[in-house]
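# Observations on the three-dimensional arrangement
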Amino acid sequence: MGDTNIRKIMHVLRHAPHGTIYTYEGLEMILIMAAYEQDLSVAFIGDGVYALKKGQETGGIGIKGFAKTFMALDGYDVEKLYVDRASLEERGLTEEDLLVDVEVMDSSGIGRLMAAQDVVIHH
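A brief report on the enclosed structure follows.

Conventions and cut-offs
- Residues numbered from 1 in each chain as written.
- Predicted model: local features only at pLDDT ≥ 70, side-chain atom pairs only at ≥ 80, totals over all residues.
- Heavy atoms only, no water.
- Buried < 20%, exposed > 50% of the residue type's maximum accessible area, 1.4 Å probe, protein only.
- Helix = DSSP H or I, 4+ residues; strand = E, 2+ residues; numbered from the N terminus.
- Pairing = 2+ DSSP bridges.
- Right-handed = clockwise from strand over helix to strand, strands pointing away.
- Axes fitted to C-alpha atoms, helices over the stretch in contact; angles between N-to-C directions.
- Contact = heavy atoms within 4.5 Å.
- Arc of directions from axis to C-beta.
- Expected span 1.5 Å × (residues − 1).
- Salt bridge = Lys/Arg side-chain N within 4 Å of Asp/Glu carboxyl O.

## Some details on the pairing of strand β2 (residues 39–44)
The buried fraction of β2 is high, at six of six residues. Alternating residues of β2 divide into Asp-39, Ser-41 and Ala-43 and Leu-40, Val-42 and Phe-44, and every residue in both groups is buried. The pairing of strand β1 (residues 8–13) with β2 spans six bridges and is classified as parallel. Each residue of the ladder has a partner; that of Leu-13, found in β2, is Phe-44. Tracing the backbone out of β1, into helix α1 (residues 22–34) and back to the parallel element β2 gives a crossover that is right-handed. In this structure, β2 lies alongside strand β3 (residues 80–84), joined through four bridges in parallel fashion. Along β3, the bridge assignment pairs Ser-41 with Lys-80.

Okay, structure coming up:
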């Protein structure tokens, strides 16, 4: 990794996936940035953990679901996915409820990861 053009960039998804555009736009930005071979990671905090929940049915609210797109991140070499443990627990979710493999961490661990980034983008 001697390339000085590679930046460590973390995207932080904090909003529920439906009802606002934040999560969808965040996912689109992640996919675009992945094409530029940056060192990307994604943290799911608060209602952002719902973006990864299995079995989302969006037909009743009249929109196309995009949750399964998170499964494509691995193909773009975006493999560093972190989920806040308290956010999962507060919402009655476990790691088994999620579509993709993640690393579940406490908030201080995620905070240390954020501090080690060149850029943190909140969605």
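## Describing the sheet that holds β2
Through backbone hydrogen bonds, the strands of a sheet pair up, either in parallel or in antiparallel fashion. In space, the five strands of this open sheet follow the order β4-β3-β2-β1-β5, with parallel pairing throughout. What marks the edges here is a single partner per strand, and that holds for β4 (103–105) and β5 (119–122). Going across the sheet, the axis of each strand differs from the next one's by a mean of 25°, ignoring polarity. Strands in contact with α1 are β1, β2 and β5; relative to β1, the strand with the most contacts, it is inclined by about 160°.

## Focus: helix α3 (residues 107–115)
Looking at α3, one finds that the buried residues are Gly-109, Ile-110 and Met-114. Buried residues in α3, looked at end-on, bunch into an arc of 145°, giving them a common side. Those residues of α3 that are exposed and angled more than 90 degrees off the buried face are Arg-112 and Ala-115.

## As for α1
With 13 residues, α1 should cover 18 Å at 1.5 Å per step; its first-to-last C-alpha distance of 18 Å lies within 8% of that length. Taken together, the buried positions of α1 are occupied by Thr-23, Gly-26, Leu-27, Ile-30, Leu-31, Met-33 and Ala-34. Projection of α1 onto a plane perpendicular to its axis shows the buried side chains occupying an angular sector of 165°, all on one side.

## Notes on the pattern of salt bridges
Taken as a whole and assessed by the stated rule, the structure comprises three salt bridges. Residue Asp-39 pairs with Lys-80 through a salt bridge whose shortest N-O separation is 2.5 Å. Of the two residues, Asp-39 sits in strand β2 while Lys-80 sits in strand β3, which places them 41 residues apart along the sequence. Since its relative accessible area comes to 35%, Lys-80 is described here as partly exposed. The shortest N-O distance in the salt bridge between Asp-47 and Arg-91 comes to 2.8 Å.

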